[in-house]
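Report on the structure
Read off the chains here:
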Amino acid sequence: MSNDRPDHRPSNDEAILQQQYLRALSSFEGIVLSQIDVKNKLGDRLNYSIRAGLIILFVIAFSILVLLLTLSSQINRISSVVGLMNASFSQVSTRMGEITEYLGSMEAQVAQLESIGASTTTMRSEIAAIGETTGSIETNLTDIGLQMTGSRLNVENIAVTMNAMNQEVQGMSVEMHRMAKPARAINKMFPFP
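Bear in mind that the values here come from a model prediction, so they are computed numbers and not experimental data.

Cut-off values and rules
Residues numbered from 1 in each chain as written. Predicted model: local features only at pLDDT ≥ 70, side-chain atom pairs only at ≥ 80, totals over all residues. Heavy atoms only, no water. Helix = DSSP H or I, 4+ residues; strand = E, 2+ residues; numbered from the N terminus. Buried < 20%, exposed > 50% of the residue type's maximum accessible area, 1.4 Å probe, protein only. Contact = heavy atoms within 4.5 Å. Areas by Shrake-Rupley, 256 points an atom, 1.4 Å probe, with all protein chains shown as cover. pLDDT = per-residue confidence, 0-100. Patch = residues over 30% accessible without salt bridge, like charges linked within 9 Å, V, L, I, M, F, W, Y side chains within 5 Å. Salt bridge = Lys/Arg side-chain N within 4 Å of Asp/Glu carboxyl O.

1. A short note on the overall build of the chain
Scanning the chain from N- to C-terminus turns up three helices and zero strands. When the helices and strands of the chain are read in sequence order from the N terminus, they spell out α-α-α. Split into buried and exposed, the 193 residues of the chain put 12% on the buried side. Long-range pairs, those at least 24 residues apart, make up 84% of the contacts in the chain with a sequence separation of at least 6. Summed over all atoms, the accessible surface of the chain reaches about 15,400 Å², with 64% contributed by carbon and sulfur.

2. Remarks on the confidence of the model for the chain
In this model, the chain carries an average pLDDT of 82, and 89% of its residues clear a pLDDT of 70 or more. Summarising per-element confidence for the chain, the mean pLDDT is lowest in helix H2 (residues 113-130) (76) and highest in helix H1 (residues 9-111) (87).

3. Some thoughts on a nonpolar patch on the surface
Taken together, the side chains of Leu 46, Ile 50, Leu 54, Ile 56, Leu 57, Ile 60, Ile 64, Leu 68 and Leu 71 present a nonpolar region at the surface, about 870 Å² in accessible area. Its location among the elements puts Leu 71 in helix H1.

4. Observations concerning the side chain of Asn 166
Structurally, the position occupied by Asn 166 is in helix H3 (residues 135-189). Among residues more than four places away in sequence, those in contact with Asn 166 are Ser 93, Met 96 and Thr 100.

5. Section: the environment of Thr 161
When you line up the elements, Thr 161 lands in helix H3. What makes Thr 161 partly exposed here is its relative accessible area of 44%.

6. Considerations on the side chain of Asn 86
Along the chain, the position of Asn 86 falls in helix H1. Those residues in contact with Asn 86, other than ones at most four positions away along the chain, are Ser 173, Met 176, His 177, Ala 180 and Arg 184.

If you want it as structure tokens, here you go:
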């Protein structure tokens, strides 16, 4: 009869195994859900990071666009200013040429002072023959001759100085034209309205 008695141990073990299986299954499900939650959070963070990166890139692109527009407007202004300076220097060079011509004519007129000096010497000899009463006139004429010589030297110095100034202005005009070449080249490469 002892053999006919049912053994409850396997059924108890099976219930315990079933409970352990259910617990393991719920634990596994919790782990999978927590991993999915972590992946979702990481995905959200990645999306936020991408959006922030896109916003930063947009701000940088907008800043570069503003800088390029500002640079193009400044290049146009610089080109116009350099053009005006070239025109002004051309006018100055023309004026300096006229001044040089005037100084040449003044120098020719001053060269005639030598003949006036010779005439003054003749007049001095004639006045000396007149007498002692005209001695003061002779002294005055001597002073005039010395002043005329000094004036002639001064005018010659002015002519030399003006020639040097003309050469400097022409050199500055050439330098300004050379300095304006890069600005014109950039303006040709990036034509902006």
